[in-house]
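# Observations on the model geometry
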Amino acid sequence: MMNPLVQLQSQGQSVWLDYIRREILRSGELKKLIDEDGLLGVTSNPTIFEKAISGSNDYDDALKQLVREGHDTQEIYEALVIADIQAAADLFRPAYERLKGADGYVSIEVSPKLAHDTAGTISEARRLWKLISRPNILIKVPGTKEGVPAIEQLISEGINVNVTLLFSLASHRAVAEAYIAGLERRAHASQPLHHLASVASFFVSRVDTEVDKRLQALMQQTKDAAKSERLKSLTGKAAIANARLAYADVFKPLFTSARFQALAARGARVQRPLWASTSTKNPAYRDVRYAEELIGRDTVDTMPPATITAFRDHGRVRPSLEEDVAGARAHLQALAEVGISLDEVTNKLVVDGVKAFADSFDQLLQCIAARRATLRSGVLERQSAQLGAYQEPVNKALAAASEVARRVWEKDPTLWKKDEAHAKVIKNRLGWLTVGSAMLEHVAELMAFADGVRRDGFTRVVLLGMGGSSLAPEVLQRTFGTARGYPDLLVLDTTDPVSVRQVERSGDLAKTLFLVASKSGTTTEVSAFYQYFVEKVRALQGDHAGQNFAAITDPGTPLESLARAQHFRHIFLNPADIGGRYSALSYFGLVPAALLGIDLRGLLEHGERMAQSCASCLSPAQNPGVWLGTILGQGALAGRNKVTFITSRSLASLDYWLEQLIAESTGKEGKGIVPVEGEPLGDPAAYGADRVFVYLGLAAEADGDTNARLNALAGAGHPVVRLTLSDQLDLGAEFFRWEFATAVAGASLAVDPFDEPNVTESKDNTRRLLQELKERGQLPEGEPMVSEQGISLYGDTALRAKIEAAGARTLTSALGVFLAQARPGDYLALMAYIERSAPHERSLLAIRTRLRDALQVATTVGYGPRFLHSTGQLHKGGGANGLFLQITNNDATDLAIPGEFYSFGQLKRAQALGDLLSLQS
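Residues numbered from 1 in each chain as written. Predicted model: local features only at pLDDT ≥ 70, side-chain atom pairs only at ≥ 80, totals over all residues. Heavy atoms only, no water.

Here the focus is the overall build of the chain. The secondary structure content of the chain amounts to 38 helices and 23 strands. Relative to the 2.2 N^0.38 estimate, which gives 29 Å for 921 residues, the radius of gyration of the chain is 30 Å and therefore close to what a compact globule would have. The principal-axis extents of the C-alpha atoms in the chain amount to approximately 110 × 65 × 55 Å. Per-residue burial for the chain yields a buried fraction of 59% across its 921 residues. Contacts spanning at least 24 positions in sequence make up 79% of the contacts within the chain whose residues lie at least 6 apart. Split by element, the accessible area of the chain, about 34900 Å² in all, is 51% carbon and sulfur. Distance between charge centroids for the chain: 2 Å, based on 101 positive and 108 negative side chains. (Helix = DSSP H or I, 4+ residues; strand = E, 2+ residues; numbered from the N terminus. Rg over C-alpha atoms; globule rule 2.2 N^0.38 Å. Buried < 20%, exposed > 50% of the residue type's maximum accessible area, 1.4 Å probe, protein only. Contact = heavy atoms within 4.5 Å. Areas by Shrake-Rupley, 256 points an atom, 1.4 Å probe, with all protein chains shown as cover. Lys, Arg positive; Asp, Glu negative; His and termini not counted. Charge placed at Lys NZ, Arg CZ, Asp CG, Glu CD.)

Under the defined criterion, the tally for this structure stands at 64 salt bridges. Put simply, E344 and R214 hold a salt bridge, and the shortest N to O gap is 2.8 Å. Residue E344 is located in helix α17 (residues 342-377), and its partner R214 is located in helix α10 (residues 205-221); the two are separated by 130 residues in the primary sequence. Overall, E344 belongs to the partly exposed group, its relative accessible area being 47%. Across the pair E403 and R406 runs a salt bridge, and its minimum N-O distance is 2.4 Å. Since its relative accessible area comes to 24%, R406 is described here as partly exposed. Within the structure, one salt-bridge network assembled from shared partners comprises E210, K213, R214, E344, K348 and D352. (Salt bridge = Lys/Arg side-chain N within 4 Å of Asp/Glu carboxyl O.)

With that settled, the discussion passes to the pairing of strand β22 (residues 858-863). Of all six residues making up β22, six are buried, and the element is well covered by its neighbours. Burial of β22 is two-sided: the residues A858, T860 and G862 facing one way and the residues T859, V861 and Y863 facing the other way are all buried. Pairing of strand β21 (residues 827-833) with β22, which is carried by six bridges, proceeds in the parallel orientation. When the bridges of β22 are listed, L828 appears paired with T859. Regarding the hand of the β-α-β motif, the stretch spanning β21, helix α36 (residues 838-855) and β22 is right-handed. (Pairing = 2+ DSSP bridges. Right-handed = clockwise from strand over helix to strand, strands pointing away.)

Between its first and last C-alpha atoms helix α33 (residues 757-776) spans 29 Å; for 20 residues at 1.5 Å apiece the expected length is 28 Å, and the two agree. Immediately beyond the C-terminal end of α33, within one or two residues, lies G777, with a positive phi of roughly 85°. (Expected span 1.5 Å × (residues − 1).)

Here we have three strands laid out as an open sheet, ordered β22-β21-β23, and parallel in their pairing. Because the sheet does not close on itself, it has two edges, and the strands there are β22 and β23 (882-888). Within this sheet the neighbouring strands show an average axis-to-axis angle of 15°, counted without direction. The sheet strands contacting helix α35 (residues 811-819) are β21 and β23, and the helix crosses β23 at an angle near 150°. (Axes fitted to C-alpha atoms, helices over the stretch in contact; angles between N-to-C directions.)

Take the sheet that holds strand β12 (residues 512-517) next. If you walk across this open sheet you meet the five strands as β11-β10-β12-β13-β14, and the pairing is parallel. Of all strands in the sheet, those bounded by a partner on one side alone are β11 (488-492) and β14 (570-573). Mean inter-strand twist for the sheet, computed between neighbouring axes without regard to direction, equals 15°. Alignment of strand β13 (residues 549-553) against β14, held across four bridges, turns out to be parallel. Bridge pairing links T553 to L573 in β14.

One can describe the packing of helix α23 (residues 468-480) onto helix α30 (residues 654-666) by two numbers: an axis separation of 8 Å at closest approach and a directional angle of 155°. One finds that α23 runs roughly antiparallel with respect to α30. For the crossing formed where α23 meets α30, the hand is left-handed. Only L654, Y656, W657 and Q660 of α30 make contact with α23, whose side of the interface consists of G468, L471, A472, E474, V475 and R478. Classifying every residue of the contact of α23 with α30 gives six nonpolar, two polar and two charged. (Parallel < 35°, antiparallel > 145°, perpendicular 65-115°, else oblique. Left-handed = near helix turned anticlockwise from the far one by under 90°. Nonpolar A, V, L, I, M, F, W, Y, C, P; charged D, E, K, R; others polar.)

Within the secondary structure, A801 sits in helix α34 (residues 797-806). Spatially, the C-alpha atom of A801 lies 75 Å from that of Q13, the residues being 788 residues apart in sequence.

Judged by nonpolar contacts, the single largest core of 127 residues is most densely connected at L17, L30, L39, I85, L183, V211 and L215. With twelve residues, helix α12 (residues 238-255) is the largest single contributor of residues to this core. Those residues in contact with L183, other than ones at most four positions away along the chain, are I155, L193, L196, F260, L263 and A268. Y582, A584, A636 and L698 belong to the second largest nonpolar core, which has 94 residues in total. (Core = buried A, V, L, I, M, F, W, Y, C linked by side-chain atoms within 4.5 Å.)

We now examine the pairing of strand β17 (residues 691-698). Within β17, eight of the eight residues are buried, leaving the element largely enclosed by the surrounding structure. Side chains R691, F693, Y695 and G697 of β17 all project onto a buried face; the interleaved residues V692, V694, L696 and L698 project onto the opposite face, where all are buried too. In terms of strand pairing, β17 meets strand β18 (residues 720-725) through six bridges, oriented parallel. Of the residues in β18, the one forming a bridge with F693 is V720. In this region the chain leaves β17, passes through helix α31 (residues 704-715) and returns to the parallel neighbour β18; the handedness of that crossover is right-handed.

Right under this line is the structure:
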């Protein structure tokens, strides 16, 4: 089958890469794209360079040299960027010459600070043109009012121009006419035209992002079902309609006119429309939608790496650009009829775009300044490992991992599993790779939502979630706290009746916003929470109760339908191709973060820098995700499958999220990595030879005692990894790093890190037990082996036989028989189906520490039922090396669940019993 990217050329469209960095040039990856995918150009902008330089180690050697030479920040920036542009232009030079200047271009942008400075833009463009000194470069000039005369002047001087930030037909017409006017000035002066090139970068997906946001707001305001349905039918169509009209009404008339044909006769080329921002920002839309719908002659599609990979895999090629132009006109007219002005939208996007590039430019300079200061002061790198004898196998594994990152980014399911059933699931679970970039487009929407919640007087937010939908928000709340003026955030992810009642009584329900968060929209616990609290709120708010609720779910779930029917304040539809534990940088993490007043853009940008650092063009040893994942995976294969976390004070809650991510992703097929969180740091003698220690800490919270203890562990032969965060916003980077590393570790273990088969098994057991409760009026309790002072010990048949054989008649002696089964390499899981409270936390900590030291096995503590959605998968699907001790209680008080035949206490009990059945099987 022919490569769809190459097929585009037969339709008269060129593919350019919307991305550049040093390693893609150095590694040969860009050359490979040229040779195999028919790539014919590259575009760059301040945002791309900001991510490349700040988010990777590509530039370290060059930075060090420039710092040694005494260059300042601006000089360093220019040297790095120009070197990349020149190298890329040289790679495309053969294509440029073969096509006689018709293609093979590389773009570089003038400073975005000059967007409203005509003279400054002209001067800067002249300087860059001369400095780079390559015939196949394009100087990017913004299509602002001030940029238009600069375009005419530069073209008249023979300088190639890429006009950027075009959103409207009017601006497209203005820059096209400026291009033609520049050509006419050259023709009048008898200067050659044949070598000149220009493209008009017409932005696409951002139009849909802004229009859809406005349509969503209108849908929220209306209670008319027919009107709401009409508004919904208008979503996702404005961008393609706008681009098709730009081609039909601006490009074709101008460049087939007699005016231009006179210039064409002297060798002039058309100013090709270049479709920019063609990655799909809305996860509900096909990931190659904009690329597929705008294929036409004399056009360029500039795609980021993820879109190139997707189009190569499943892009469909047809001459789509001139389809249904009448429908495009009708659609824009329909938008106007419902009150959405496209002129207003596009004007806003130009302002936002100029600001975004200027902000990225500032951040880039700040980053270079910081890296310059770091290099000058000799500060150590932020990641390091003391692996001892374990270093050699890790080095060998890294040397063999050259294709791992590429295969992850290409969403190649065979990296993990080769059968079709797994492949289908895996390909639909990798949206986390690019969700951070997509979510940057929704920061304003999220902050506007948070501002509305504050404005309406809400003083508290309660997240009703479980597992992946609750753990990241809890980490964010505990790490950042609540910004001044923002509502407090509570996370409810337990069916314990006392805990539910505490949430109810700890704040004013009328001033509480409930976030109902469930990927499937059918999570049993979340549904029970909603049923309970909506009844309480209705008693206070009546028919307006829905305004106290917002939903986060996948498109098309029962929760989405419920939220629409009950007129929830807002519905956030998350990308369907992201599993819960990989959703920290999606709406599941970001909506609560916005309500806490966290700097969302900063959090996401730190995540994006880490994503850049994990790019496929980096060597495995330089790729932080591959490096860490290889250490974890090889450790597990060598028997060091207990990853023990030590954190600095501010990051203590990060362990909860890491625990679920690793346990649920790797614990299957009799294999797995056991994450150990919350276990206090002991002396080397307290540990067996099954540990890898990972320290995560803020640079400002460096602790000499902890460092000494880690050194002692390393000295005793235990592998120790250190990861240092520069500030709290680096949490965004760690979310991505660990997701990537976990995927890599899963590949090392040959397991599918994106499914959770045994979680479903426990859920099925719970449903069956609840049905038994309904039919018989009680749950099956079984007979205790030992009872003493109101405490009963239950166990399976094998344990009962051992206890009887030992003649153990007291609780202490019976537990002794149970614990005596521990062997080196085992772990002890304390599974607490009780209220999570400070006294219980202290007691469980004391128990686990004493047992860790006595038995020399790793210990874990999980509160039920939340751990069923995390470590529960590892318990049932992982290695046969676990000792499991459930702790349950008879609830002194219970709470009914409205609309159900069971209570919260009975649900919790059924979940504990269902878990027990799964463990026994």
